[in-house]
Amino acid sequence: KEIAKSEIEEVVKKLNEITAKKDYGRWRYWLSTEYKKEFSKPEVLKKISEELPANLRGKQLKTIEDYFYYVFVPSRQNGRVDDIVYLTPTKVRVLKITATQSLIFYNLEKIDDRWLLVP
């Protein structure tokens, strides 16, 4: 369990650095095939576009790259990780906890011996 915890903490640290630098190229390395498929679907991007904050109203997300810049980065940029929940030995949920709720910061799954983001 301890090894897994430090392993996950290292992944979170790298993802946080990528987010801080808005490094789309490095971010893609951490995406599972399932994640890429989900956030490339026009209907998913349309729904997310409709839920963007007021300052981005009218912005239409067209690609997973748009999703990264307008949703992923802003929603995690100054966030903090409060808890790591081990769902199974290969599935982990990284959480940010507020006064009223637990928010999923990262959903990670070990695929082919690599921790990757999953939807």
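Look a little higher up for the structure.
The model shown is predicted, which means the values in this text are computed figures rather than measured ones.

Criteria and thresholds
All chains use their own residue numbering, which begins from 1 and follows the written sequence. Where totals are concerned, whole chains, interfaces and linings use all residues; where local detail is concerned, this predicted model gives features only for residues with pLDDT of at least 70, and gives and counts side-chain atom pairs only at 80 or more. In computing side-chain properties, one takes all heavy atoms of the structure into account and sets aside hydrogens as well as water. Without a salt bridge and with relative accessible area above 30%, a residue can belong to a patch; like charges are then joined within 9 Å and nonpolar side chains (Val, Leu, Ile, Met, Phe, Trp, Tyr) within 5 Å. Each accessible area is a Shrake-Rupley result for a 1.4 Å probe, and residues are judged covered by the shown protein chains and nothing else. Each reported salt bridge corresponds to a side-chain nitrogen of Lys or Arg within 4 Å of a carboxyl oxygen of Asp or Glu. In this tally, Lys and Arg are treated as positive and Asp and Glu as negative; His is ignored, and so are the chain termini. In this description, the location of a charge corresponds to atom NZ of lysine, CZ of arginine, CG of aspartate or CD of glutamate. We count a stretch as a helix when DSSP gives it H or I for four or more residues in a row; a strand needs E for two or more, and each element gets its number in order from the N terminus. A simple rule labels every residue: compare its accessible area, found with a 1.4 Å probe on the protein chains alone, to the largest value its type can have, and call it buried under 20%, exposed over 50%, or partly exposed in between. For two strands to be treated as a pair, DSSP must find no fewer than two bridges joining them. Orientation is described by lines fitted to C-alpha atoms, with helices fitted over the stretch in contact, and by angles between N-to-C directions that extend from 0 to 180 degrees. A contact between two residues is defined here by any heavy atoms of the two lying within 4.5 Å.

Draft legend 1. Quick peek at a positive patch on the surface. Taken together, the side chains of Lys13, Lys14, Lys21 and Arg26 make up a positively charged region of the molecular surface. Tallying contributions element by element places helix H1 (residues 2-21) first for the positive patch, with three residues. By secondary structure assignment, the location of arginine 26 is in helix H2 (residues 24-29). Residue arginine 26 is classed as partly exposed on the basis of its relative accessible area, which comes to 34%.

Draft legend 2. Geometry of the pattern of salt bridges. The full count for this structure, using the stated rule, is seven salt bridges. Note that lysine 5 and glutamate 9 form a salt bridge whose closest N and O atoms lie 2.7 Å from each other. Taken together, the residues lysine 5 and glutamate 9, both in helix H1 and four residues apart, mark about one turn of the helix. The partner of lysine 47 in a salt bridge is glutamate 51, and the shortest N-O contact between them spans 2.7 Å. Residue glutamate 51 is classed as exposed on the basis of its relative accessible area, which comes to 53%.

Draft legend 3. Representation of the sheet that holds strand S3 (residues 102-111). With antiparallel pairing, the four strands of this open sheet are ordered in space as S1-S2-S3-S4. Edge positions in the sheet fall to strand S1 (83-88) and strand S4 (114-117), since each has one partner strand and no second. On average, each strand axis in the sheet is inclined to that of its neighbour by 30°, with strand direction left out of account. Pairing geometry for S1 and strand S2 (residues 91-97), over five bridges, is antiparallel. The partner of isoleucine 84 across the bridge, within S2, is valine 94. Seen against the sheet, helix H5 (residues 64-76) touches S3 and S4 and runs at an angle of roughly 110° to S3.

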